[in-house]
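Residues per chain are reported as follows:
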Amino acid sequence: MTTPIGHLPEPGERRLAVRVTADAMRQIRGGSPWLYDGSITSVSHDGEPGDLAVIFDDKRKFAAIGLWDPTSPIRVKLLHRGSPTQIDGEFWRAVLSNSFDRRAMLADDPDTTAYRLVHGENDALPGLIVDRYDQTLVVKIYTPAWFAHLADVVDALTELQSPVRIVLRLSRSVAGGETFGLSDGDTIVGPAPDGPVLFRERDLTMEADVVHGEKTGHFLDQRDNRALVRSMAEGASVLDVFASTGGFSLAAAAGGATSVHLIDQSAPALETAKRNLAHNHRLGEVRRCQVHTTVGDAFQVLGDLAKRNEQYDIVILDPPSFAGNQAAVPRALAAYARLARLGLAVAKPGGTLIQASCSSRVTTDEFVSTVLDAAASAGVDVHERRRTGHAVDHPIGFEFGAYLKAVYLSVRAPSAGSRSSGW
């Protein structure tokens, strides 16, 4: 069943004139996509989510335009700065076309049919995500300001991408969809999916639950790290912690791993992981790989494995974000340290620990230093092999646009008090 979106409000009918502090104006001109409520000195009238907020400088000249969001401390999500422009269908097509052009190399790869088409603020569309899963597009919105412009955006997506269907996902923080008859998981273009959507990632077949799954159905941002794991997995035993739907485990199996052990607190996610492995039984490497799954708390399970003296050639730690805000950073760093110590306890000497972070408020240097310090405190000598960040379809378009980072460590024989600073 498809939910019609033709009764959404007409965009652009209401405009607000907004004045801001001098510091906010400097940030806007410097490329910030956000205007906080505390930086607004005056606004012409009360606005509704999705109204167009026109920001004027101290000389009453146009400075920027964005989406008004009275439900959020980020009161305006900026779309355009510089000279005045009309926010209409032509505008959306132009911005989306620019975003798609940045992914041209992925669009031309027949072995990879799933990737991010729009990365929110980093593609000049704050609070809007568009992911492709073969012929299915998933639009996820993180602010109710997009409801007023959804019909135009969907028209542009349909024109530029010709998808079989478009599915709408709503962030938990977004309210108001019911006003327009829209709910999380609705199919708004084309026939609703009758089950998981199949796609390919570097010639491996996987599935995504685009209606109910985490994020938009799959963690697309780790595609490059999965490829690295595949390249180093031959003959290895692999522990995949926070395995979710098994992307890392599948990559390791396809790379010739002898065994993969998946740990996650979600039993349904691990069932999906098993199906993802089964989708690729055409590959002898996947058929021969021994698969074991454990449902449970990652910290607890890692501790239990260490008590049983179980060890693995490759240990992958890919947790969810530990820092929802700046105040949570110290607690997040402590969790990363604890996780690193637990992971190192089950990593074989000569093996590899891969630890990732998706906490945007934790910098790469903070994260890596925390992991290295944890290794030192555990008496494990490690050698930093590489750091990785964002893939091409998750560009960094502004100062705070980065969130993903990972460090690869070679594990040496334990020696109390030793530490390696890297290459």
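Above this note sits the structure.
Residues numbered from 1 in each chain as written. Predicted model: local features only at pLDDT ≥ 70, side-chain atom pairs only at ≥ 80, totals over all residues. Heavy atoms only, no water.

**Some details on the packing of helix α2 (residues 89-102) against helix α4 (residues 150-161)**
At a minimum axis distance of 9 Å, the contact between α2 and α4 shows a crossing angle of 50 degrees. Taken together, the axes of α2 and α4 lie oblique to each other. Seen from above, α2 lies across α4 with right-handed handedness. Between α2 and α4, the contacting residues are Gly89, Trp92, Arg93, Leu96, Ser97 and Phe100 on the first element and Asp152, Val153, Ala156, Leu157, Glu159, Leu160 and Gln161 on the second. Among the residues making up the contact of α2 with α4, the classes are represented as seven nonpolar, three polar and three charged. (Axes fitted to C-alpha atoms, helices over the stretch in contact; angles between N-to-C directions. Helix = DSSP H or I, 4+ residues; strand = E, 2+ residues; numbered from the N terminus. Parallel < 35°, antiparallel > 145°, perpendicular 65-115°, else oblique. Left-handed = near helix turned anticlockwise from the far one by under 90°. Contact = heavy atoms within 4.5 Å. Nonpolar A, V, L, I, M, F, W, Y, C, P; charged D, E, K, R; others polar.)

**Here's the deal with the nonpolar core**
Counting residues in hydrophobic clusters, the biggest one holds 40 residues, and the most contacted among them are Leu239, Val241, Leu302, Val315 and Val362. Broken down by secondary-structure element, the contributors of at least two residues to this core are β14 (237-241), α9 (298-307), β17 (312-317), α10 (329-345), β18 (347-357), α11 (364-377) and β20 (405-411). Take this core: its biggest share by element is ten residues, from α10. Dropping the residues within four chain positions of it, Val362 is found in contact with Ala323, Val329, Ala332, Leu333, Tyr336, Phe367 and Lys405. Counting 38 residues, the second-largest nonpolar core is a separate cluster that includes Phe100, Val139, Leu157 and Leu182. (Core = buried A, V, L, I, M, F, W, Y, C linked by side-chain atoms within 4.5 Å. Buried < 20%, exposed > 50% of the residue type's maximum accessible area, 1.4 Å probe, protein only.)

**Some thoughts on the pattern of salt bridges**
Close approach of charged atoms allows side chains with opposite charge to pair. Within the structure shown, the criterion is met by 22 salt bridges. A salt bridge links Arg93 to Glu159; its shortest N-O distance comes to 3.9 Å. Note that Arg93 is positioned in helix α2 and Glu159 in helix α4, a separation of 66 residues in sequence. Its relative accessible area of 32% is what places Arg93 among the partly exposed residues. Note that Arg223 is salt-bridged to Asp393, the shortest N-O span being 2.8 Å. (Salt bridge = Lys/Arg side-chain N within 4 Å of Asp/Glu carboxyl O.)

**Details of the pairing of strand β6 (residues 74-81)**
When you tally the buried positions in β6, you get six out of eight residues, the bulk of the element. Alignment of strand β2 (residues 34-36) against β6, held across three bridges, turns out to be antiparallel. Bridged to Trp34 within β6 is Lys77. Pairing of strand β5 (residues 62-68) with β6, which is carried by five bridges, proceeds in the antiparallel orientation. Bridging from a neighbouring strand, Ala64 pairs with Arg81 of β6. Counting the residues that bridge the hairpin from β5 to β6 gives five residues. (Pairing = 2+ DSSP bridges.)

**A closer look at the environment of Ser39**
Relative to the elements of secondary structure, Ser39 occurs in the loop between β2 and β3 (40-43). Between the alpha carbons of Ser39 and Glu178 there is a distance of 31 Å; along the sequence they are 139 residues apart. When sequence neighbours within four positions are dropped, the list of residues in contact with Ser39 reads Arg19, Val20, Thr21 and Ala24.

**Quick notes on the sheet that holds strand β15 (residues 259-264)**
Pairing is mixed across the open sheet formed by seven strands, whose spatial order is β16-β15-β14-β17-β18-β20-β19. The sheet is open, and its two edges are formed by β16 (290-295) and β19 (382-388), each paired on a single side. The sheet shows a mean angle of 15 degrees between the axes of neighbouring strands, taken without regard to direction. Bridge count for β17 against β18 is five bridges, and the pairing is parallel. Bridging from a neighbouring strand, Ile314 pairs with Thr352 of β18. Packing of helix α6 (residues 247-254) onto the sheet brings it into contact with β14, β15 and β17, and relative to β15 it is tilted by some 180 degrees.

**A closer look at the packing of α10 against α11**
Two numbers describe how α10 lies on α11: the axes approach to 8 Å, and their chain directions differ by 45 degrees. Taken together, the axes of α10 and α11 are oblique relative to one another. Seen along the crossing, α10 lies across α11 with a hand that is right-handed. Residue-level contacts link Leu333, Tyr336, Ala337, Ala340, Arg341 and Leu344 of α10 to Glu366, Phe367, Thr370, Val371, Ala374, Ala375 and Ser377 of α11. For the contact of α10 with α11, a count of residues per class yields nine nonpolar, two polar and two charged.

**Here we look at the sheet that holds β3**
The strands making up a sheet associate through backbone hydrogen bonding, with each pair oriented either parallel or antiparallel. Read from one edge of the open sheet, six strands run β2-β6-β5-β4-β1-β3, paired in mixed fashion. Bordering the open sheet on either side are β2 and β3, each of which pairs with just one other strand. Across the sheet, the mean angle from the axis of one strand to that of its neighbour is 35 degrees, orientation sign disregarded. Relative to strand β4 (residues 52-56), strand β1 (residues 15-20) runs parallel, the two being bridged by five bridges. Each bridged residue has a counterpart across the sheet, and for Arg15 the counterpart in β4 is Leu52. Packed onto the sheet, helix α1 (residues 22-29) meets β1, β2, β4, β5 and β6 and runs at close to 110 degrees relative to β1.

**Regarding the side chain of Arg226**
Mapping Arg226 onto the fold places it in helix α5 (residues 223-232). If we skip the residues at most four places from it in the chain, Arg226 touches Glu201, His218, Phe219, Leu220, Gly247, Phe248 and Ala251.

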